[in-house]
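Okay, here's what each chain looks like letter by letter:
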Amino acid sequence: MSVEHKRRALITGASSGIGKATALAFAKAGIDIALVSRSVDKLTAVATAAEQVGVTAKVYGVDLACVDQVQSKIQAIASEFGDIDILVNNAGIGYTNDLKDTPLHDWQQVLDLNITSVFQCTMGLLPAMRTKGVGTVINVSSVAGKQAFPGWGAYSVSKAGLIAFSQALAQEERAHGIRVTAICPGAVNTELWDTQTVNANLNRSRMLTPEIVAQSILNVALLPQQAAIDELTIMPSAGVL
Ligand code: NDP
């Protein structure tokens, strides 16, 4: 009898919104999950729900904005949890401000979390993926990375940078069995729209749900190894809101 390989994923920003929905979708698909964000209590609630469907779910409190510590912390998580096959770089902050009103400190915060932490999380797992000759990296970018919106300058720059990062990484790692996807959702109804750094008033009922985006992330992860989706744009059918 063949023993089926047990898949393991690490999901950042798994305490709410798209990351939480992705964690639960992965669990239902039988994928063990390492859950990363700052809020250990919220992560624990997600892990408890995930374990009810029979997978292993572990919680790791990490502030990904402390970018100089991220690579070693992610490496340590993989050592404890086991080799990671699928990395979902989802943690991020929304940020609205005209560029002329964007303090350097805010600019750096957005870029640190939305792109530099993704670079460092990926570097934490890439050597092991290289050794195994297999791996999937899914980066949650945004339609704002493909099309800049006024008032969303720093955010758009971070998400455009993430698309470029994904493209470069995909090309560098393809020959080593590692697939890289940039997911670019339009507006998704999550807590991001309630955060202090976002000032926008859109119709939340017309947005995508986090569960819809999670399903597309799962679909990308479950693609047969000989296929890769480099970029996936998923929009509310109502269009850009
Ligand atoms: P949420 O605000 O619901 O979730 C954000 C997640 O990121 C939380 O789990 C939060 O966890 C985590 N996070 C924030 N800061 C840090 C930090 N310093 N260290 C570790 N984790 C952190 O938003 P969404 O689910 O909407 O956002 C998820 C991703 O989707 C983001 O990258 C966002 O840019 C992207 N996106 C969102 C869209 C939308 O319309 N909502 C559209 C397109 C893309 P905690 O607070 O526990 O640390």
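Since we're looking at a predicted model, the values are computed, not measured.

*Asks:* Would you mind going over the environment of Ser 216 with me for this structure?
*Replies:* Positionally, Ser 216 belongs in helix α6 (residues 210–222). Put simply, Ser 216 and Pro 150 are 66 residues apart on the chain and 28 Å apart in space, counted from C-alpha to C-alpha.

*Asks:* Can you walk me through the pattern of salt bridges in this structure?
*Replies:* Note on pairing: side chains with opposite charge can pair once their charged atoms come close. Tallied over the full model, the rule gives nine salt bridges. We note a salt bridge from Lys 6 to Asp 32, for which the minimum N-O separation is 3.6 Å. Of this pair, Lys 6 sits in the segment before β1 (8–12) while Asp 32 sits in strand β2 (residues 32–37), placing them 26 residues apart in sequence. Taking the relative accessible area as the measure of exposure, Lys 6 reaches 37% and is therefore partly exposed. Since its relative accessible area comes to 8%, Asp 32 is described here as buried. Linking Lys 146 and Glu 231 is a salt bridge whose minimum nitrogen-to-oxygen distance equals 2.4 Å. Of the two residues, Lys 146 sits in the loop between β5 (135–140) and α5 (153–173) while Glu 231 sits in strand β7 (residues 231–234), which places them 85 residues apart along the sequence. Residue Glu 231 is classed as partly exposed on the basis of its relative accessible area of 29%.

*Asks:* Would you mind showing me how to read the packing of aromatic side chains here?
*Replies:* Any two aromatic rings considered together are summarised by their centre-to-centre distance and by the angle between their planes. Evaluation of the coordinates by the stated rule reveals three aromatic pairs. Aromatic side chains Trp 152 and Trp 193 sit 5.6 Å apart centroid to centroid with 65 degrees between the ring planes, which places their arrangement in the edge-to-face category. Remark: Trp 193 occurs in the loop between β6 (178–185) and α6 and Trp 152 occurs in the loop between β5 and α5; sequence separation between them is 41 residues. For the pair Trp 152 and Trp 193, one class covers both residues: buried.

*Asks:* Would you mind showing me how to read the sheet that holds β1 here?
*Replies:* In any sheet, the strands associate via hydrogen bonds between backbone groups, in a parallel or an antiparallel arrangement. Ordered in space as β3-β2-β1-β4-β5-β6-β7, the seven strands form an open sheet in which the pairing is parallel. With partners counted over all chains shown, the strands left at the sheet margins are β3 (57–61) and β7, one partner each. Within this sheet the neighbouring strands show an average axis-to-axis angle of 15 degrees, counted without direction. Where β1 and β2 come together, five bridges link them in parallel fashion. Looking at the pairing, Ala 9 lines up with Ile 33 of β2.

*Asks:* Can you walk me through the site of the ligand in this structure?
*Replies:* Taken together, 30 residues lie around the ligand, and Ser 16, Ser 37, Ser 39, Tyr 155 and Thr 190 are the ones closest in. In the environment of the ligand, an oxygen atom lies 3.4 Å from a nitrogen or oxygen atom belonging to the backbone of Leu 192. When the ligand is considered free in solution it has 890 Å² of accessible area, and contact with the protein chains removes 94% of it. More than half of the atoms of the ligand fall within 2 Å of the grid points belonging to the largest pocket. Of all the elements in the fold, those that place two or more residues in the shell around the ligand are α1 (17–28) and α5. When its residues are assigned to classes, the shell around the ligand shows 14 nonpolar, twelve polar and four charged.

*Asks:* Which parts of the structure should I look at to understand the layout of surface pockets?
*Replies:* To locate leftover empty space, one rolls a probe as large as a water molecule over the atoms. Approximately 1,200 Å³ is the volume found for the largest pocket. Taken together, 48 residues form the lining of the largest pocket, with Gly 92, Ile 93, Gly 94, Thr 190 and Leu 192 sitting closest to its centre. Put simply, the parts of the chain that give the lining of the largest pocket at least two residues each are α1, α4 (104–132) and α5. At three residues, α1 tops the list of elements feeding residues into the lining of the largest pocket.

Conventions used here
- Residues numbered from 1 in each chain as written.
- Predicted model: local features only at pLDDT ≥ 70, side-chain atom pairs only at ≥ 80, totals over all residues.
- Heavy atoms only, no water.
- Helix = DSSP H or I, 4+ residues; strand = E, 2+ residues; numbered from the N terminus.
- Salt bridge = Lys/Arg side-chain N within 4 Å of Asp/Glu carboxyl O.
- Buried < 20%, exposed > 50% of the residue type's maximum accessible area, 1.4 Å probe, protein only.
- Phe/Tyr/Trp six-rings, centres within 6.5 Å; stacked < 30°, edge-to-face > 60°.
- Pairing = 2+ DSSP bridges.
- Axes fitted to C-alpha atoms, helices over the stretch in contact; angles between N-to-C directions.
- Near = heavy atom within 4 Å.
- Polar contact = N/O pair within 3.5 Å; in protein donor to acceptor, adjacent residues only side chain to side chain.
- Areas by Shrake-Rupley, 256 points an atom, 1.4 Å probe, with all protein chains shown as cover.
- 1 Å grid on protein atoms, 1.4 Å probe; cavity = no way out; pocket = protein on both sides within 12 Å on 5 of 7 lines; lining within 4 Å.
- Sits in = over half its atoms within 2 Å of the grid points.
- Nonpolar A, V, L, I, M, F, W, Y, C, P; charged D, E, K, R; others polar.
- Points joined across faces, edges and corners; volume = space filled by probe spheres on them.

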